[in-house]
Amino acid sequence: MSTTAGRRDGESREMLVAGAALFAASMLGIVGFLQLMEGIAAVAKDDIYVTGIAYVYQFDVTTWGWIHIVVGAVAIGSAVGIFMDQAWARVVGIVLAVIGAVVNFAFVPYYPVWSLVVIGMYGLVIWALCAQYGRRA
């Protein structure tokens, strides 16, 4: 009786790990795609974003566009790696989610609500990838 319960418990843990991996990869892919589109919009037509007051992290909007394009492209690549169950992709995903959150924090004066939404999405990616590491250990 205890063996069957132990087996079910192990199976549910594996399902939880797999679910966290799929959630993290999906969220990272979505956020990466959105970052990529945001970057393309900033590079193609930089008058879309309102430039407010001068602040410490102020760059040209085109520069911010290229930063978002790079972060988005790497995020999509990492999401594909997580879908393929690659260990390097999980590490890159966590590091990239932290970098993406910091980039969007610095981008808040240009597009405040959207930047905060993206920071929240990156927070979910970090949580899911870290929870996955805790379950695999």
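Before any of the text, the structure's been laid out above.
Structural notes, computed from the coordinates. Counting starts from 1 at the beginning of each chain's written sequence and moves along it residue by residue. Only residues with pLDDT of at least 70 get local features here, since the model is predicted, and only at 80 or more are side-chain atom pairs given and counted; chain-wide, interface and lining totals rely on the full set of residues. Side-chain descriptors were evaluated using all non-hydrogen atoms of the structure, hydrogens and water having been removed beforehand.

1. Focus: helix 2 (residues 61-83)
Only runs of H or I of at least four residues qualify as helices and only runs of E of at least two qualify as strands under DSSP, and these elements are numbered from the N terminus. A helix's residues, less one, multiplied by 1.5 Å, set its expected span. Between the first and last C-alpha of helix 2 there are 33 Å, a value that for 23 residues agrees with the 33 Å anticipated at 1.5 Å per step. Of the positions making up helix 2, those classed as buried are V61, W64, G65, H68, I69, V71, G72, A75, S78, A79, G81 and I82. Partly exposed describes any residue whose relative accessible area lies between the buried limit of under 20% and the exposed limit of over 50%, with all areas from a 1.4 Å probe on protein chains only and scaled to the type maximum.

2. A word on the environment of V108
Inspection of the secondary structure assignment puts V108 in the loop between helix 3 (87-106) and helix 4 (112-136). Whether two residues are in contact is decided by their heavy atoms, any of which lying within 4.5 Å being enough. If we skip the residues at most four places from it in the chain, V108 touches S115 and L116.

3. Some remarks on the nonpolar core
L28, W64, I82, Y122, V125 and L129 are the most contacted members of the largest nonpolar core, which has 27 residues in total. Those elements that provide at least two residues to this core are helix 1 (2-44), helix 2, helix 3 and helix 4. When residues of this core are assigned to their parent elements, the largest contribution, seven residues, is made by helix 3. Ignoring anything within four residues of it in the chain, the contact list for L28 reads A75, S78, A79, I82, G93, Y122 and V125. Buried Ala, Val, Leu, Ile, Met, Phe, Trp, Tyr and Cys residues that are joined via side-chain atoms within 4.5 Å together make up what is termed a nonpolar core.

4. Looking at a nonpolar patch on the surface
Patch definition: residues above 30% relative accessible area lacking any salt bridge, with like charges linked at up to 9 Å and the nonpolar side chains Val, Leu, Ile, Met, Phe, Trp and Tyr linked at up to 5 Å. Computed with the Shrake-Rupley method and a 1.4 Å probe, the accessible areas treat only the protein chains shown as cover for residues. We define a salt bridge as a contact between a side-chain nitrogen of Lys or Arg and a carboxyl oxygen of Asp or Glu at a distance within 4 Å. A grouping of L22, V80, F83 and M84 is seen on the molecular surface, where their side chains present a nonpolar patch of about 410 Å² in accessible area. Within the secondary structure, L22 sits in helix 1. Taking the relative accessible area as the measure of exposure, L22 reaches 48% and is therefore partly exposed.

5. Quick look at the packing of aromatic side chains
To pair, rings of Phe, Tyr and Trp, with the six-membered ring standing in for Trp, must have centres within 6.5 Å; the planes then decide the type, stacked if under 30 degrees apart, edge-to-face if over 60, and tilted in the middle. This structure, assessed with the given rule, holds two aromatic pairs. Here the aromatic rings of F23 and W127 are separated by 6.5 Å at their centres, their planes lie at 75 degrees, and the arrangement is edge-to-face. One end of the pair, F23, is in helix 1; the other, W127, is in helix 4, with 104 residues separating them in the sequence. Between the aromatic rings of W64 and F107, the centroid separation amounts to 5.6 Å while the plane-to-plane angle is 65 degrees, which identifies the pairing as edge-to-face. With W64 in helix 2 and F107 in the loop between helix 3 and helix 4, the pair connects residues that are 43 residues apart, well separated along the chain. F107 carries the same exposure label as W64, and that label is buried.

6. Details of the packing of helix 2 against helix 3
Between helix 2 and helix 3, the shortest axis-to-axis distance is 9 Å and the interhelical angle comes to 155 degrees. Considering the angle they form, helix 2 stands roughly antiparallel to helix 3. Classified by chirality, the crossing of helix 3 by helix 2 is left-handed. Contacts between helix 2 and helix 3 pair W64, I67, H68, V71, V74, A75, G77, S78, G81 and I82 from the former with W88, A89, R90, V92, G93, L96, G100, V103, N104 and A106 from the latter. The residue classification treats Ala, Val, Leu, Ile, Met, Phe, Trp, Tyr, Cys and Pro as nonpolar and Asp, Glu, Lys and Arg as charged. All others, Gly included, are polar. Considered class by class, the residues forming the contact of helix 2 with helix 3 number twelve nonpolar, seven polar and one charged. In this analysis, axes come from line fits to C-alpha atoms, helices being fitted only over the stretch in contact, and the angle between any two N-to-C directions falls in the range 0 to 180 degrees. Angular relationships are summarised with four words: roughly parallel below 35 degrees, roughly antiparallel beyond 145, roughly perpendicular across 65 to 115, and oblique for the angles in between. Take the far helix as the reference: if the near one is turned anticlockwise from it by less than a right angle, the crossing is left-handed, and if turned clockwise, right-handed.

7. Points about unusual backbone geometry
Most peptide bonds adopt trans geometry, and most residues besides glycine take a negative phi value. The backbone phi angle of D85 is positive, close to 60 degrees, even though this residue is not glycine. Tracing the sequence through the fold places D85 in the loop between helix 2 and helix 3. Overall, D85 belongs to the partly exposed group, its relative accessible area being 42%.

8. Things to note about the environment of G19
Mapping G19 onto the fold places it in helix 1. Along the chain, G19 and A128 lie 109 residues apart, while their C-alpha atoms are 9.0 Å from each other.

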